[in-house]
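# An overview of the molecular structure
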Amino acid sequence: MAIRDEFPRLAAAEFDEVVTHSHVRDVQLASGRTLALITLDNGRDHTRPSTLGPATLFELGDTLEAQRARGAAGEVDAIAVTGKPYFLAAGADLSNVGSLPDRETAAELPRLGHRVLGLLHEAPVPTFVFINGLALGGGLEIGLNADYRTISSAAPAVALPETFLGLVPGWGGATILPNLIGIERALKVIIENPLKQRVLKPADALELGIADAMFGPASFLESSLRWADGVLGGAKVDRPHVPGTLERTVKWPIALKIARETLEKRIGKVALAPYRALDVIELARKNDRAAGFAAEDAALADLIPGDQFVASIYAFDLVQKRAKRPAGAPDAALAKPVTKVGIIGAGLMASQFALLFLRRLQVPVVITDLDQGRVDAAVARIRGEIDALAGKGRITTDEQQRLSALISGTVDKADFAGCDWVIEAVFEELGVKQQVFAEVEPHLSETAVIATNTSSLSVEQIGARLAHPERLVGFHFFNPVAVMPLIEVVRTPATDDATLATAMRVAKDLKKNAVITRDTPGFVVNRVLAKLLGEAMHAVEQGSSFEDVVEAQRAFGFPMDPFVLLDLVGLKVGAHVLDTHHGAFPDRFFESQALHELAEQGILLEKDGKGEVKGIDKRARRIVAKHRPAGAVALSADELRVRIEDGLADEIKRMLDDHVVEAAEDIDLCMILGAGWPFQMGGITPYLDRVGASGRVFGGTFHQPPIAGPKA
Amino acid sequence: MADDDVVFVDGVRTPFGRAGEKGMYWQTRADDLAVKALTGLLERNPSLPLERIDEVAVAATTQTGDQGLTLGRTVGMLAGLPVSVPGYAIDRMCAGAMTAVTAVAGGIAFGAYDIAVAGGVEHMGRHPMGLDADPNPRFVAEKLVSMDALNMGKTAERIHDRFPHLTKERADRFALGSQQKYAAALAAGHIQHDLIPVATQSAAGWGLATADEAPRPETTMEGLAGLKTPFRDHGRVTAGNASGLNDGATMSIIASAAAAKEHGLTTKMRMVSFGFAGVDPDIMGIGPVPSTEKALKKAGLSIEDIGLFELNEAFAVQVLSFTDHFGIADDDPRVNPWGGAIAIGHPLASSGVRLMLQLARQFEQRPDVRFGITAMCVGLGQGGTVIWENPHHKRYGKGI
């Protein structure tokens, strides 16, 4: 019976799958033994990694069954699996999860994985997986199911990223790994790394005990086969990290408890997947494969058709695909070359810009300010940062000297003459920005692009005094500049395509993701956050407890509560952002006098000696109480949650109707990249659809069909 | 024995494949073949500190594409040698690897190097002979060579013309002997030791090349007699009494005697002398005759002193022209005792080191033999010869 016959629903479902084939060739080992070598190959070039969909697994399963039979018959002495060049497999094929017709079909997927990959366990002959390249998720689980693993020292990454995408490593990973490498190491691979979006390098995989041996890429397969021959001949394979009784009885529960607490502190309890993974790992303590696999099946049967996973895949696609082909971008060929950069300002932000432009564009960067002392200090600070990078080994000495030679400072605006990209980082005040651009423009060529990093002013008004306003574009970074991946590129009615194309190219060269927005207050990220923070401050002014406000927002799964966020961006900045939005949309955005007073006093959170947040400062409560208006109405946490959901749905619908960005996807992309909003929410609009806010507010959904799993 | 004596430390090769789409290396890069040979060679000589390698000379006849980009440098880098180890590419057509060995040997004898790597590669599937070659029109216009000189098969027919007693029947019999001697050597386990297995990519997945692909142990005189003569109607040269078109790579470690001793490296052979010589391109196959005479003279030896001959079998008649010249019988057991290129294959620039590693193995088994030679003919009328001394012989190093 073919494997596919055991999974009638998956076999009947229609998928657009790039099938990874399982080719088999017999290999003669030096000892005279025969090894059946299975190569996973989707027949595409290196731009398309092999992935594991249902048809792929059916074929691999049938192939493994056939080789097991040959093993039992004494025709082959071993079975091994490897991949096409550069890849073992990049994991389960996620492109079709939206096509899973119902929950029962979804439930077959984990069982199919166990059925097929499980054939590498307790086979009639020893089984090996030669991890020749990228091995993610299900790809690595192929290896974990086998008896032995080798890894190429050139494999770009090895990881079990499932929990990051709303799944658990459910083809054996969550059960086998802790029993192979120990509880703490397994938690690092399955829980901690995905959370930090980290992967393992081959040397890590070897050190952790995931791989038994590592070989160089020049003759990886030859060396692996020779090693396998040795193992077949009786060579001992050392597994120092396999947990013993003490680890299982004592260490295991403690490690799980710590992991659970750490997770709750970091991401709250909304995201389901990491906690389900912890449950399976906890169970793995008993080293009962059947029970573990059943738990994995159950977890995936719940998670795969769940809204969080579907939203995660939506978010993953946004980040992987839409971010790389920004909506509304003009022809990239229109972009003008940027061979020298001018930065107006010599403050901290200007220095951060300078360092980023130096490192990524590797062109001369000139900074300017009114005061020579400030300019000199900034240049020294930037060179210090460059030296620090070299000190940490992040750049070579050659690179250090190259970059140091590229930075210069001046108080004479005429030194901007050769710059074809000028960006300002001066005080957030319209008159100041207008003035510095007016001073600089006469020294620039007519084609030079001028960019402003404003977060709250009208870009169009900033350009009001320019002779050539068509070359002005908004270029809004997020803090910290070196880390945050988003730039909002703001197009005014005057901005021409060549300028916009140049801005998009510069963003790309800076290794940032750019989203094009219209010149409307707060653009995207600040406007959505201003809504959220304004509601939070309004609620406490109205008499809701800080705790209720935090509780109301907990359901979303935001990376931090609104008061921690206010503390992070700075209370003064926060108050200013609220003022700006209230000024623009007085009927929908709240300003907060209480926040102004908190900012003046510098009081909000109570922190311990290490800077850990312990709660709300008592004095902050008193200040807020002082600002309670007459007739204030305090809402419960639940009422607040609905109010915030509806407020966000309303505001985002207005933004889309006003064409601030091309589509809801762009709002989500901005919130994911600019505010770190989680994949399980799909940014924000899938979440608003699935909690019914979109329906309550405008009688529809942002997405048709909504980004949600099958309910049946 | 002098410190600046040049010794052959070790040599390896990939299994040789048949060129073309059906060959096992069709989807394997030429430079990867060379890298795998080098990696295998270094792995089995672990006492050699990589940074002490002074030179990497790698030969190929067609130095474009995956055989371009200065092979000695690229192969060294890809095999993981330190960047401080230099390398270069070298070309003397079929005698490429042999010339790589003699060139680095010269450097060692001069004292410029202590240890060097020398080898060659030819992927005749990816680089068919003469592809993209642009011979100067003067060769033909001024009758510097005949049209036949550029076609190796035709030059072999011309040897038959010049020496009518070297008949097709004799050539076929020699070819049959080559196949039979190779098959016997393989069965006796003489060939496998120096083969480095190569993982091969194919549409059917990864495989592992562990054995030569070209040999035809089923060959018979009748079968040979019936083969076509593609170079001339009613000619004498056939696919059966010539080497084929092949893919493969070879690598060797050449060192000064002092360096070999310092690093605990084996000495499999000592280089006695070498010689290269030119002949009429129309009968290029006779080239090893004058090159051998030159090398013998430099060594102060005569042909009678040579106990083993590893002669590259570009064509059977070309080997016979050599043995005939020196009065050696067609089936003399000293000549190619384990068969030759007619059976094994001849990936042009790689073959020189194949002759050497085979001679080195025979020296181990034949302490009674003191001197052996490796010799081969070269397109456009050249021959190359290296004379080696057997360290297992009782008079080794005691002067000639």
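Reading guide: rules and limits
Residues numbered from 1 in each chain as written. Chains lettered and ligands numbered in written order. Predicted model: local features only at pLDDT ≥ 70, side-chain atom pairs only at ≥ 80, totals over all residues. Helix = DSSP H or I, 4+ residues; strand = E, 2+ residues; numbered from the N terminus. Rg over C-alpha atoms; globule rule 2.2 N^0.38 Å. Buried ≥ 20, exposed ≤ 12 C-beta atoms within 10 Å, placed from the backbone. Contact = placed C-beta atoms within 7 Å. Nonpolar A, V, L, I, M, F, W, Y, C, P; charged D, E, K, R; others polar. Expected span 1.5 Å × (residues − 1). Pairing = 2+ DSSP bridges. Domains from an automatic or database assignment. Axes fitted to C-alpha atoms, helices over the stretch in contact; angles between N-to-C directions.

When helices and strands are tallied, chain A shows 28 helices and 19 strands. Here the C-alpha radius of gyration of chain A, 29 Å, is about what a compact globule of 712 residues would show, namely 27 Å. The principal-axis extent of the C-alpha atoms belonging to chain A is close to 85 × 60 × 50 Å. Split into buried and exposed, the 712 residues of chain A put 51% on the buried side. When contacts within chain A are restricted to residue pairs at least 6 apart in sequence, those whose partners lie at least 24 apart make up 74%.

Here we take up the interface of chain A and chain B. Each partner contributes to the interface: chain A provides 15 residues, whereas chain B provides 15 residues. Listing elements by their share of the side of chain A that touches chain B, those giving two or more residues are strand S1 (21-28), strand S2 (34-41) and helix H8 (220-232) of chain A. Considering every element that reaches the side of chain A that touches chain B, the biggest residue donor is S1 of chain A, with five residues. Residues belonging to the side of chain A that touches chain B are distributed by class as follows: six nonpolar, six polar and three charged.

All names here are of chain A. In this model helix H22 (residues 571-584) runs 20 Å from its N-terminal to its C-terminal C-alpha over 14 residues, within 8% of the 20 Å that 1.5 Å per residue would give. Among the residues making up H22, those that are buried are Leu571, Gly574, Ala575, Val577, Leu578, Thr580 and His581. Looking at the buried residues of H22, the elements they touch are helix H19 (525-541), helix H21 (562-569) and helix H23 (593-601).

With that settled, the discussion passes to the sheet that holds strand S4 (residues 87-89) of chain A. Residues and elements named next belong to chain A. Read from one edge of the open sheet, three strands run S4-S6-S8, paired in parallel fashion. At either margin of the open sheet sits one strand with a lone partner, and together these are S4 and strand S8 (158-159). Note that strand S6 (residues 134-136) and S8 share two bridges and pair parallel. Within the sheet, the bridge partner assigned to Leu136 lies in S8 and is Ala159.

A few words now on the environment of Pro364 of chain A. Residues and elements named next belong to chain A. Considering the arrangement of structural elements, one finds Pro364 in the loop between helix H13 (348-361) and strand S11 (365-368). Assessed through the 17 C-beta atoms surrounding it within 10 Å, Pro364 is described here as partly exposed. Taking the C-alpha atoms as reference, Pro364 lies 6.0 Å from Ile407; in sequence the two are 43 residues apart. Those residues in contact with Pro364, other than ones at most four positions away along the chain, are Lys340 and Leu406.

Take the pairing of strand S12 (residues 407-410) of chain A next. Regular strands show a simple pattern: their side chains alternate between the two faces of the sheet. Residue and element names in this part refer to chain A. The alternating pattern of S12 places Ile407 and Gly409 on a buried face, while none of Ser408 and Thr410, on the opposite face, is buried. Alignment of S11 against S12, held across four bridges, turns out to be parallel. From the neighbouring strand, Val366 faces S12, where its bridge partner is Ser408.

This part is about the domain arrangement of chain A. The domain architecture assigned to chain A consists of domain 1 (3-317), domain 2 (332-518) and domain 3 (525-636). Spacing between the C-alpha centres of domain 1 of chain A and domain 3 of chain A amounts to 45 Å.

Moving on, we get to the sheet that holds S2 of chain A. Residues and elements named next belong to chain A. Pairing in this open sheet of six strands is mixed, and the strands run S1-S2-S3-S5-S7-S9 from one edge to the other. The strands lining the two open edges of the sheet, one partner per strand, are S1 and strand S9 (213-215). Each strand of the sheet is rotated relative to its neighbour by a mean of 25°, with strand direction disregarded. In this sheet, strand S3 (residues 78-83) lies alongside S2 in parallel orientation, the contact comprising six bridges. Considered in S3, the bridge of Ala36 is made with Ile79.

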